[in-house]
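Spelled out, the chains give:
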Amino acid sequence: MPEASQVRAAWQRWLWLLLAYLSIGMAMLGVILPGLPTTEFVLLAAWAASRSSPRLAAWLEQHRLFGPLLRGWKNGGRIARRSKWLASASMLAALAIMLLTVDHRPSVLFAAVGMSCGALFIWTRPEKPKAG
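Residues numbered from 1 in each chain as written. Predicted model: local features only at pLDDT ≥ 70, side-chain atom pairs only at ≥ 80, totals over all residues. Heavy atoms only, no water.

## Things to note about the overall build of the chain
For the chain, the count of helices and strands is six helices and zero strands. Over its C-alpha trace the chain gives a radius of gyration of 18 Å, far above what one expects of a compact globule, namely 14 Å for 132 residues. For the chain, the spread of C-alpha atoms along the principal axes amounts to about 60 × 45 × 20 Å. Counting only residues that meet the buried cut, the chain has 27% of its 132 residues in that class. For the chain, the proportion of contacts with a sequence separation of at least 24, taken over those separated by at least 6, is 60%. Carbon and sulfur atoms form 68% of the exposed surface of the chain, whose accessible area is close to 9,300 Å². Counting 15 positive and 5 negative side-chain charges, the chain places the centres of these two groups 8 Å from one another. (Helix = DSSP H or I, 4+ residues; strand = E, 2+ residues; numbered from the N terminus. Rg over C-alpha atoms; globule rule 2.2 N^0.38 Å. Buried < 20%, exposed > 50% of the residue type's maximum accessible area, 1.4 Å probe, protein only. Contact = heavy atoms within 4.5 Å. Areas by Shrake-Rupley, 256 points an atom, 1.4 Å probe, with all protein chains shown as cover. Lys, Arg positive; Asp, Glu negative; His and termini not counted. Charge placed at Lys NZ, Arg CZ, Asp CG, Glu CD.)

Set out below in structure tokens:
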């Protein structure tokens, strides 16, 4: 009979793997849905995959769409300018849709503050490697 620690480790691996796949799915949705972040879910997927599946982690790093995000983040927390503009445009589009469709203004304000914090965060990340 396996030890309790082995059983716990197996369950933890499966939970990390589930989180990784759910995050990949959310990231893929974020590519096409305005307002749903992509980068955060890709980073979460890579983190969870690194704890559960080296093969999945390697696949993410080599992925045509997600790989550059992960490599930039790993190499100094960089976010490409194009990604910053796309994220900002998506947040503005989502906010515009909310302004037109949501009657509860405090909810719209809360979302706008959250999006502003997200935009501030991404625009303060470096774009290129530091010289030197």
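So, next bit.
## Things to note about the side chain of Ser52
Mapped onto the elements, Ser52 comes out in helix α2 (residues 39-52). Residue Ser52 is classed as buried on the basis of its relative accessible area of 5%. Looking at Ser52, its side chain comes within polar contact range of the main-chain nitrogen of Leu17, at 3.5 Å. Apart from the residues lying within four places of it in its own chain, the contact partners of Ser52 are Arg13, Trp16 and Leu17. (Polar contact = N/O pair within 3.5 Å; in protein donor to acceptor, adjacent residues only side chain to side chain.)

## What about the side chain of Thr38?
Among the structural elements, Thr38 can be located in the loop between α1 (4-32) and α2. The contacts of Thr38, once residues within four sequence positions are left out, are Ala27, Gly30, Val31 and Phe66.

## Brief notes about the pattern of salt bridges
Within the structure shown, the criterion is met by three salt bridges. Among the salt bridges present, the one from Lys84 reaches Glu127, with a minimum N-O distance of 3.3 Å. Here Lys84 is found in helix α5 (residues 81-101), whereas its partner Glu127 is found in the segment after α6 (105-123), with 43 residues between them in sequence. Lys84 sits in the buried class, given a relative accessible area of 1%. Using a relative accessible area of 25% as the deciding quantity, one classes Glu127 as partly exposed. Three or more residues joined by partner-sharing salt bridges are found here, namely Arg81, Lys84 and Glu127. (Salt bridge = Lys/Arg side-chain N within 4 Å of Asp/Glu carboxyl O.)

## Structural notes on the packing of aromatic side chains
Evaluation of the coordinates by the stated rule reveals three aromatic pairs. Summarising the aromatic geometry, the rings of Trp16 and Trp47 are spaced 4.9 Å apart at their centres and angled 85° between planes, so their arrangement reads as edge-to-face. Remark: Trp47 occurs in helix α2 and Trp16 occurs in helix α1; sequence separation between them is 31 residues. Note on Trp47: relative accessible area 38%, which makes it partly exposed. Arranged with centres 5.1 Å apart and planes meeting at 75°, the rings of Trp85 and Trp123 form a pair that is edge-to-face. Taken together, the residues span a long stretch of sequence, with Trp85 in helix α5 and Trp123 in helix α6 at a distance of 38 residues. Residue class for Trp123 comes out partly exposed when judged on its relative accessible area of 31%. Between Arg13 and the ring centre of Trp14, over which it is positioned, the NZ or CZ distance is 5.4 Å. (Phe/Tyr/Trp six-rings, centres within 6.5 Å; stacked < 30°, edge-to-face > 60°. Lys NZ or Arg CZ within 6 Å of the ring centre and 35° of its normal.)

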